Amino acid sequence: ETNAEKIITKHKTPIKRASALRTVLNKEILEKLINGREYPEIKPGDAISIEILPYVTSTTTEIVKGVVTGISNRGADTLIYLINSEFGTPIQRQIFKYGPLVKKISIVEASFLYRKRKAKITRRNKLYYVENINPKEYTVK
């Protein structure tokens, strides 16, 4: 018996059975998407670089760099919010962490925004105030 079959056979209300089935299916989908790849522990304020395919049939990867302004953890639909300044223009991106187009994620520098402080601690989970500061402070080269 699989986990899904065990949940169906129990005598629970239909809503509880359906939500339990959904969590099992979401875990299976996440395991398929991870597919043996390793992901570093990313926190808001870190500077990261992501190797990503521009489109599905592409053979070459492009490197996207930026500062993490937030992460929304939703299982297989986990999003990473990035901000970077390219040619003086602030660019914000939302990238699926476990997406099939993402090939590699690496941390360039931890606590990039607070590199001038002695204690490199990010005290907030979502760094929306970064949009309003000088672009030179969050530009990753």
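Computed from a prediction, not measured in an experiment: that's the story for all the values here.

Caption draft 1: Layout of the overall build of the protein chain. When you go through the protein chain residue by residue, the secondary structure sums to two helices and five strands. Starting at the N terminus and ending at the C terminus, the protein chain contains elements arranged as α-α-β-β-β-β-β. Out of the 141 residues in the protein chain, the part that is buried amounts to 33%. When contacts within the protein chain are restricted to residue pairs at least 6 apart in sequence, those whose partners lie at least 24 apart make up 51%. Surface exposure of the protein chain reaches about 9900 Å², of which carbon and sulfur atoms provide 52%.

Caption draft 2: Spotlight on the pattern of salt bridges. One pass over the structure, following the stated rule, counts one salt bridge. Linking Arg93 and Glu86 is a salt bridge whose minimum nitrogen-to-oxygen distance equals 3.5 Å.

Caption draft 3: Expanded view of the side chain of Asp46. With respect to the helices and strands, Asp46 occurs in the loop between α2 (14-34) and β1 (47-52). Despite being buried, Asp46 has no salt bridge partner; Lys43 is the closest side chain of opposite charge, sitting 5.4 Å away. A polar contact of 3.1 Å, which involves the side chain of Asp46, links it to the backbone nitrogen of Lys43. When residues no more than four places from it in sequence are discounted, the contact partners of Asp46 are Glu41, Gly66, Val67, Val68, Ile107, Glu109, Ala110, Ser111 and Phe112.

Caption draft 4: Geometry of the pairing of strand β4 (residues 89-96). Two elements, strand β3 (residues 79-86) and β4, share eight bridges in a ladder whose sense is antiparallel. Counterpart to Tyr81 in the pairing with β4 is Gln94. From the end of β3 to the start of β4, which pair antiparallel, there are two residues, and Phe87 there has a positive phi angle of about 55°.

Caption draft 5: Broad picture of unusual backbone geometry. In this structure, Asn35 takes a positive phi of about 50° despite not being glycine. Tracing the sequence through the fold places Asn35 in the loop between α2 and β1.

Caption draft 6: Region of interest: the packing of aromatic side chains. In the structure shown here, the tally under the stated rule is one aromatic pair. Between Tyr39 and Tyr98, the ring centres sit 5.0 Å apart and the planes meet at 85°, which makes this aromatic pair edge-to-face. Pair noted here: Tyr39 is in the loop between α2 and β1 and Tyr98 is in the loop between β4 and β5 (102-109), with a separation of 59 residues, a long-range link.

Caption draft 7: Local environment of the nonpolar core. With 14 residues, the main nonpolar core has Ile48, Ile50, Leu82 and Ile105 as its most contacted residues. Broken down by secondary-structure element, the contributors of at least two residues to this core are β1, β2 (62-72), β3 and β5. Contacts of Ile48, omitting those with residues within four sequence positions, involve Ile42, Val64, Lys65, Gly66, Val68, Ile80, Leu82, Ile105, Ser106, Ile107 and Val108. Grouped together as the second largest cluster of nonpolar side chains are 10 residues, Val67, Ile83, Tyr114 and Leu127 included.

Caption draft 8: The arrangement of the sheet that holds β1 in detail. Overall, antiparallel pairing links the five strands, which are arranged β4-β3-β2-β1-β5 in an open sheet. Each having just a single partner strand, β4 and β5 make up the two edges of the open sheet. When strand polarity is set aside, the average angle formed by the axes of neighbouring strands in this sheet is 40°.

Caption draft 9: Seen up close, the side chain of Ser58. The residue Ser58 is located in the loop between β1 and β2 in this model. A distance of 2.8 Å separates a polar side-chain atom of Ser58 from the backbone oxygen of Thr60.

Calculation criteria
- Residues numbered from 1 in each chain as written.
- Predicted model: local features only at pLDDT ≥ 70, side-chain atom pairs only at ≥ 80, totals over all residues.
- Heavy atoms only, no water.
- Helix = DSSP H or I, 4+ residues; strand = E, 2+ residues; numbered from the N terminus.
- Buried < 20%, exposed > 50% of the residue type's maximum accessible area, 1.4 Å probe, protein only.
- Contact = heavy atoms within 4.5 Å.
- Areas by Shrake-Rupley, 256 points an atom, 1.4 Å probe, with all protein chains shown as cover.
- Salt bridge = Lys/Arg side-chain N within 4 Å of Asp/Glu carboxyl O.
- Lys, Arg positive; Asp, Glu negative; His and termini not counted.
- Polar contact = N/O pair within 3.5 Å; in protein donor to acceptor, adjacent residues only side chain to side chain.
- Pairing = 2+ DSSP bridges.
- Phe/Tyr/Trp six-rings, centres within 6.5 Å; stacked < 30°, edge-to-face > 60°.
- Core = buried A, V, L, I, M, F, W, Y, C linked by side-chain atoms within 4.5 Å.
- Axes fitted to C-alpha atoms, helices over the stretch in contact; angles between N-to-C directions.

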